[in-house]
Amino acid sequence: MLNNMEETKIYIKSILEKINNRDPYQPEFKEAVQNFLNTMEPVLDKHPEYIHENILERIIEPERAIQFRVPWIDDKGQYQINRGFRVQFNSAIGPYKGGLRFHPTVNLSIIKFLGFEQIFKNSLTGLPIGGGKGGSDFNPKGKSDNEIMRFCQSFMTELSKYIGPDLDVPAGDIGVGGREIGYMYGQYKRLKGYQAGVLTGKGISYGGSLIRPEATGFGLIYYTEEMLNTLNDSFKNKKVVISGSGNVAIYAVEKVHELGGTVLAVSDSNGYIVDTNGIDLSVVKQIKEVERGRIKEYAERVKGAKYHEGSVWNLDLKYDIALPCATQNEIGEKEARKITDNGVKLVAEGANMPSTPEAIQIYKQNNLLYGPAKAANAGGVAVSALEMSQNSMRLSWSSKEVDDKLKEIMQNIFKKSAETAHAYGLGNDYLSGANIAGFIKVAEAMRSQGLV
Ligand code: NDP
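What you see is a predicted model, and the numbers here were worked out from it, not measured in a lab.

Glancing now at the overall build of the chain. In terms of helices and strands, the chain carries 18 helices and 12 strands. For a compact globule of 452 residues, the expected C-alpha radius of gyration is about 22 Å, and the chain comes in at 21 Å, within 12% of that figure. When the backbone C-alpha atoms are referred to their principal axes, the chain occupies close to 70 × 55 × 45 Å. Across the 452 residues that make up the chain, the buried fraction comes to 58%. For the chain, restricting intrachain contacts to residue pairs at least 6 apart in sequence, the fraction spanning at least 24 positions comes to 72%.

As a further point, take the nonpolar core. Among the nonpolar cores identified, the biggest contains 60 residues, and Tyr 223, Ile 242, Val 266, Tyr 298 and Leu 323 are the most heavily contacted of them. Looking at this core element by element, the count peaks at eight residues for helix α9 (residues 212-229). Residues lining this core come from more than one domain, with at least three contributed by each of domain 2 (64-198) and domain 3 (215-371). The contact partners of Ile 242, leaving out residues within four places of it in the chain, are Ala 249, Ala 252, Val 253, Val 263, Ala 265, Val 266, Ser 267, Leu 323 and Cys 325. Among the nonpolar cores identified, the runner-up in size contains 40 residues, and Ile 15, Ile 55, Phe 89 and Ala 92 belong to it.

Let us now look at the site of the ligand. As a structural note, the neighbourhood of the ligand is formed by 25 residues, with Asp 173, Thr 216, Ser 269, Arg 294 and Asn 352 the closest of them. Val 248 places a main-chain nitrogen or oxygen 2.9 Å from an oxygen atom of the ligand. Between an oxygen atom of the ligand and a side-chain N or O atom of Arg 294, the distance comes to 2.6 Å. When isolated, the ligand has an accessible area of 890 Å², and the protein chains bury 83% of it. Within the residue set of the shell around the ligand, elements represented by two or more residues are α9 and α10 (247-258). Residues of the shell around the ligand, tallied by class, amount to five nonpolar, 13 polar and seven charged. Looking at which domains feed residues into the shell around the ligand, each of domain 2 (64-198) and domain 3 (215-371) supplies at least three.

Before going further, it helps to spend a moment on the UniProt feature "active site" (unreviewed entry) in the chain. Sites flagged by UniProt as "active site" (unreviewed entry) map to Lys 133. As for its placement among the helices and strands, Lys 133 is situated in strand β4 (residues 130-136). Setting aside residues up to four positions removed in sequence, Lys 133 forms contacts with Arg 86, Val 87, Gly 98, Gly 99, Ile 111, Leu 114, Gly 115, Gln 118, Asp 173 and Asn 352.

The rules behind the values
Residues numbered from 1 in each chain as written. Predicted model: local features only at pLDDT ≥ 70, side-chain atom pairs only at ≥ 80, totals over all residues. Heavy atoms only, no water. Helix = DSSP H or I, 4+ residues; strand = E, 2+ residues; numbered from the N terminus. Rg over C-alpha atoms; globule rule 2.2 N^0.38 Å. Buried < 20%, exposed > 50% of the residue type's maximum accessible area, 1.4 Å probe, protein only. Contact = heavy atoms within 4.5 Å. Core = buried A, V, L, I, M, F, W, Y, C linked by side-chain atoms within 4.5 Å. Domains from an automatic or database assignment. Near = heavy atom within 4 Å. Polar contact = N/O pair within 3.5 Å; in protein donor to acceptor, adjacent residues only side chain to side chain. Areas by Shrake-Rupley, 256 points an atom, 1.4 Å probe, with all protein chains shown as cover. Nonpolar A, V, L, I, M, F, W, Y, C, P; charged D, E, K, R; others polar. UniProt positions renumbered as here; feature names shortened; annotations may be inferred.

Written out as structure tokens, the structure reads:
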């Protein structure tokens, strides 16, 4: 007869084997599931019913994965074909909710990893939203506005068959901001009629929520503030490095500066700029949001700033806080060592899965406080859910109302993760705390709904 702990180990191993057999060519998805399974032992020991009802095998399988052709015509009149995806991962606690990513690296593995993470992130917000994610291998870089519009219209012509305000509500992610959401929303409306709640991240004049553009970046900083509070500390006088210079990074910089910290560096996929006087956000916004240019141009405009090719995590400089806000697996073992050598005491993730498992191990070995993505970057989807509420109620909340709610949600996410870690005897392991707290709510909903 096996005891609970042995049974748990065998069960987790069997799930890992299944995923390796079924999805051998999905490295990002396997990494996300493995990171999650690594934290499930304590909760399964306590709840053998999750093993008996095979919750883990059910939860790692998307309810539906849709792949489709996206034909469009470029400015030269050439026919172009991209691949579109929507993975509707889990609707146990609400309609599928999660962004759309337009980036040449997008494939089923990346969309499944993002959709899987989204299940637990959305659960942690305390709001009634399930998990999903989508996108395309379309590269928006260098495309004209007309090309972007034609692509978005073609993408939505197919996607519109599968989404709806009470069914599946996409939003933005890498390569999808206000411009793209606007074009997709316009096309959805032509096809299906007016339904404000079908997409979030809309413009303010047609049903968007105030603070949605800021939400992921601001939310990340509110969450990080809670981590700092546990050390009786704050952002005041802290030196911070942020990767990326897109939506999440920009508003993280804004909030760090508002709270008295200094952001020394930001980046893009080519390189990074260091400005020891503190990043001038108006210059970054002009380059990235208005001109859609490269971060390199910052050094040409701001005296004293320097541009370097490569990853910002190779930077040799003393600082206190690292906030990865670009993409998955941007911090590997080498970068994590560099970060700790630079004297960093806290890492909190704005991007999804930016730290590899090896990097997370190094944070642990060096006692860094670590705020995992699914908790720390949940502010974006939380305000998206608030946008859905405002659309349903046909009213708009003020910036202050939304910002106050966002702050409260981020504080609650931190509290829930920390309390759960504590209850399972895991100290300040916020990754396990977030995984367990997010998981239990979804698992219980699935159990109540029978064989789903
Ligand atoms: P944006 O497209 O606005 O910006 C992405 C930034 O990351 C750009 O600076 C981009 O540089 C950089 N980047 C992208 N890919 C790479 C790469 N392979 N290597 C290095 N840098 C790269 O996206 P967001 O700011 O919206 O998203 C950033 C991260 O945050 C993603 O992981 C996303 O999933 C996550 N996230 C976003 C949310 C949101 O509300 N937008 C919500 C929760 C999480 P370049 O311009 O050179 O490509």
